[in-house]
Amino acid sequence: MIELAIRSEPRPSCDSASSSVFRDMELAVVRDADILYERAFADHWRDVFQFLLAWTNDWASAEDLSQEAFLRLWRSRAKIDWGEPIMPWLIVTGRRLANDRYRKIARRLGGLPSPASFDETQQVRWLDVQSALKDLSALERSTVVLVTFQGMSTVEVARLLDTTPGGVRAALSRGREKLGDAR
Amino acid sequence: MSESRHDRVWRDWKAMADGAGQPAFAPRDNQRRGGFPIGLASAAVVAVLIVVIAARYWTPQVGGVPGASGSSQPATPTEVATATTAPSATSTPTLPPTPAATSILSGTPRPGDEAMAVSIATKYQTYIKQGNYATAWAMIAPQWKSGTGDGGYAQWAANWADIAKSRGTIDFELQTPSRDWQQWDPNWPAPLPSILPGDYGRAFVIVVDYPWTSQTNDWDVLLMLPTTTGDVWEVYSLR
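Treat the numbers as computed from the prediction; the structure is a model and nothing was measured.

## Overview of helix α5 (residues 120-133) of chain A
The terminal C-alpha atoms of α5 of chain A, which comprises 14 residues, lie 20 Å apart, in line with the 20 Å expected from a rise of 1.5 Å per residue. Where α5 of chain A is concerned, the buried positions are W126, V129, A132 and L133 of chain A. Down the axis of α5 of chain A, the sector holding all buried residues measures 125°, keeping them to one side. Residues of α5 of chain A that are exposed and angled more than 90 degrees away from the buried face: E120, V124 and S131 of chain A. Buried-residue contacts for α5 of chain A involve α2 (59-76), α6 (138-149) and α8 (165-179) of chain A together with α1 (5-18) of chain B.

This is the structure in structure tokens:
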């Protein structure tokens, strides 16, 4: 685990040469964490966005929350254990941000704009999909994404979403039932 | 073989989701939270508790509360999150510059308000830790409990019970009370009096840290806000 203490002045008990060495080491660790952060963004943004899109069933919220989750990762980069997979951290952070009641209300009152990239056809298509999924719970939607599309096990998903593997399987089943398995 | 509606909807969803444009740059800011008492990388879960203490819940004659596991941290200097707004330029020398926007709550707390905020936050979190969800729920402002449409006590308590089951215990650490609304989140939406009514002059923000596991980063926000009459302090669990 990389532990980093950012200090604005040299340690008072060291001579100037030692202080300089410590400072160089600290700066090196910061640079490593910056690189790891960028790599995490490149590797995981899409999965995080898709999880949040399923969790919130709202495109603009998912974009907003994805950026916020990565911003929090940026701020925590010096404390993160980069030796461990970073997706769980991002998923849990994103979920907590999405569940933030005050933010939810403020977003609703403030009114997030529609995605700027959507043309009219895409907007209609998205509204259809969103409408079809609106009767599923956040858990029921996100289990499909995490298990079916992102290949996680029910155990992994249970840990991320604060439920049990049985709860994950039940959510998958309920989601299928609600949408209709009829062909 | 024809496709089920379930598969069709998700196929459509996936096609649209895959088409989302990834931002060109990863978000960054230059803000560092100084004085953050949690030193371990694995322990950092920060919850901002703005604790609105209900005087009617927390008068001395209220039943004894077991010792809290969490303890307030000594005051440490922290960076103040401010929204930077340049002073407006003016050609009239006599006009004062426009003050920069600030996330510091205006007004002056009364003596003892800060200590009360810590005490209430400790009690609230202790009740949750002990599984006494009903008592903790009773500390939350009535209008907050009813106004957000989140399923009420049953869902709230069930969420905590699930967390306790998966985590083993809901340990917490209180951070230093703050008057900075955006101390731990510069993007926190500004207080909305329409949904959080009260005397912000006396409100406090207290960060609560949940050291779950090494790979989670979680926090809570409680707003402790006296009513405008000042008679009653109420707890708003914002997260």
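Moving on from the model shown.
## Let's talk about the confidence of the model for chain A
Per-residue confidence for chain A gives a mean pLDDT of 81, with 75% of residues at or over 70. In this model, residues 1-14 of chain A is a region of pLDDT below 50 whose contacts with residues beyond four sequence positions or in other chains number 24 contacts.

## Considering the packing of α6 of chain A against α8 of chain A
Residues and elements named next belong to chain A. Following both chains from N to C, one finds α6 and α8 inclined at 105°, their axes separated by 8 Å at the closest point. Between α6 and α8, the angle falls in the class roughly perpendicular. For the pair α6 and α8, contact is made by L139, E140, R141, T143, V144 and V147 and by V168, A171, L172, R174 and G175, respectively.

## Structural notes on the nonpolar core
F51, L52, L73 and L90 of chain A are the most contacted members of the largest nonpolar core, which has 48 residues in total. Elements with a minimum of two residues in this core: α1 (16-56), α2, α3 (87-99), α5, α6, α7 (154-160) and α8 of chain A together with α1 of chain B. With 10 residues, the single largest contributor to this core is α1 of chain A. Excluding residues that lie within four positions of it along the chain, L90 of chain A makes contacts with H44, V48, A69 and L73 of chain A.

## A closer look at the packing of α5 of chain A against α1 of chain B
The geometry of α5 of chain A relative to α1 of chain B is characterised by a closest axis approach of 10 Å and an angle of 130° between their N-to-C directions. Our classification of the angle between α5 of chain A and α1 of chain B gives oblique. Our pair here, α5 of chain A against α1 of chain B, has a crossing hand that is left-handed. Contacts from R125, W126, V129, A132 and L133 of chain A in α5 of chain A reach V9, D12, W13 and M16 of chain B in α1 of chain B.

The rules behind each value
- Residues numbered from 1 in each chain as written.
- Chains lettered and ligands numbered in written order.
- Predicted model: local features only at pLDDT ≥ 70, side-chain atom pairs only at ≥ 80, totals over all residues.
- Helix = DSSP H or I, 4+ residues; strand = E, 2+ residues; numbered from the N terminus.
- Expected span 1.5 Å × (residues − 1).
- Buried ≥ 20, exposed ≤ 12 C-beta atoms within 10 Å, placed from the backbone.
- Arc of directions from axis to C-beta.
- Contact = placed C-beta atoms within 7 Å.
- pLDDT = per-residue confidence, 0-100.
- Axes fitted to C-alpha atoms, helices over the stretch in contact; angles between N-to-C directions.
- Parallel < 35°, antiparallel > 145°, perpendicular 65-115°, else oblique.
- Core = buried A, V, L, I, M, F, W, Y, C linked by C-beta atoms within 7 Å.
- Left-handed = near helix turned anticlockwise from the far one by under 90°.

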